[in-house]
Amino acid sequence: EYQSTLKYVVNGDEGSSDDQGEYTCEMNISSTDNLILNGVNNITEEITVEELPPLELNISTSGYTEVGQSFNITCSVRVVEGLVEQPNVTWMKMDDVSMGDLDELNITTITVIDGPVTKVTIVLDPVLFEHRGVYICMAEFNISLTNDAE
């Protein structure tokens, strides 16, 4: 019979809310059986957290906003060259009654990623009276990283 414990310690404190600092993974094995050796093994990694650069956001339009015509609204987001993670760009529509996701409103969007630029275009073809409202472009990073230490 043996018992093992796996513990992560951050900055010398279990439960620190700051993500930057020293991360230690410790594994402790204890046994009452002579076939298994007792031991402690740990590894420590220094983690540095860097702020993401600000996003450059631009909104452009093409076409006509008259009912029956074709109208596009494009949100372009540029990130710093070399950044591996692309931003998540979404459109929301706000009208007199509510705010909603465009998928729920059956409004088509087209996403194009070209190097450091992500473009999400709303396609209103044809423009309907129900399309009236305020359109909001939102861009954010959703980043999670893993590091396999040996």
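Since we're looking at a predicted model, the values are computed, not measured.

A. Just the overall build of the protein chain, in detail. Counting secondary structure elements, the protein chain contains zero helices and ten strands. Listing every helix and strand of the protein chain by position from the N terminus yields β-β-β-β-β-β-β-β-β-β. The buried share of the protein chain, reckoned over its 150 residues, is 22%. Relative to all contacts within the protein chain whose residues are 6 or more apart in sequence, the contacts with residues 24 or more apart total 53%. Taken as a whole, the protein chain presents about 11100 Å² of accessible surface, with 48% of it coming from carbon and sulfur.

B. Focus on the environment of glutamate 22. Relative to the helices and strands, glutamate 22 resides in strand E2 (residues 21-31). Its relative accessible area of 42% is what places glutamate 22 among the partly exposed residues. Taking the C-alpha atoms as reference points, glutamate 22 and glutamate 46, 24 residues apart in sequence, are found 4.4 Å from one another.

C. Looking closely at the pairing of strand E8 (residues 108-114). Taken together, the seven bridges between E8 and strand E9 (residues 117-124) define a ladder with antiparallel strand orientation. Considered in E9, the bridge of isoleucine 110 is made with threonine 121. In this antiparallel pair of consecutive strands, E8 and E9, the connection spans two residues, and glycine 115 shows a positive phi of 65 degrees.

D. A look at the sheet that holds strand E6 (residues 88-94). Taken in spatial order, the three strands make up an open sheet running E7-E6-E10, and their pairing is antiparallel. With one partner strand each, in any of the chains shown, strand E7 (99-101) and strand E10 (134-140) form the two edges of the open sheet. Here the average twist between neighbouring strands, direction ignored, is 30 degrees. Strand direction decides the pairing type here: E6 and E10, joined by seven bridges, are antiparallel.

E. Quick look at the nonpolar core. Ranked by internal contacts, the top residues of the largest apolar core, which has 14 residues, are Trp91, Ile122, Leu124 and Tyr135. Contributions of two or more residues to this core are made by strand E5 (71-78), E6, E9 and E10. No other element matches the four residues that E5 contributes to this core.

F. Representation of the state of the cysteines in the model. Here the structure, examined in full by the defined rule, presents one disulfide. Here cysteine 75 pairs with cysteine 137 through a disulfide, and the sulfurs are 1.9 Å apart. What sets the handedness of the cysteine 75 and cysteine 137 disulfide is the S-S torsion sign, and at about -70 degrees it is left-handed. You can see cysteine 75 sitting in strand E5 and its partner cysteine 137 sitting in strand E10, a full 62 residues away along the chain. Relative accessible area serves as the criterion here: at 14%, cysteine 137 is assigned to the buried category.

Calculation criteria
- Residues numbered from 1 in each chain as written.
- Predicted model: local features only at pLDDT ≥ 70, side-chain atom pairs only at ≥ 80, totals over all residues.
- Heavy atoms only, no water.
- Helix = DSSP H or I, 4+ residues; strand = E, 2+ residues; numbered from the N terminus.
- Buried < 20%, exposed > 50% of the residue type's maximum accessible area, 1.4 Å probe, protein only.
- Contact = heavy atoms within 4.5 Å.
- Areas by Shrake-Rupley, 256 points an atom, 1.4 Å probe, with all protein chains shown as cover.
- Pairing = 2+ DSSP bridges.
- Axes fitted to C-alpha atoms, helices over the stretch in contact; angles between N-to-C directions.
- Core = buried A, V, L, I, M, F, W, Y, C linked by side-chain atoms within 4.5 Å.
- Disulfide = S-S within 2.5 Å.

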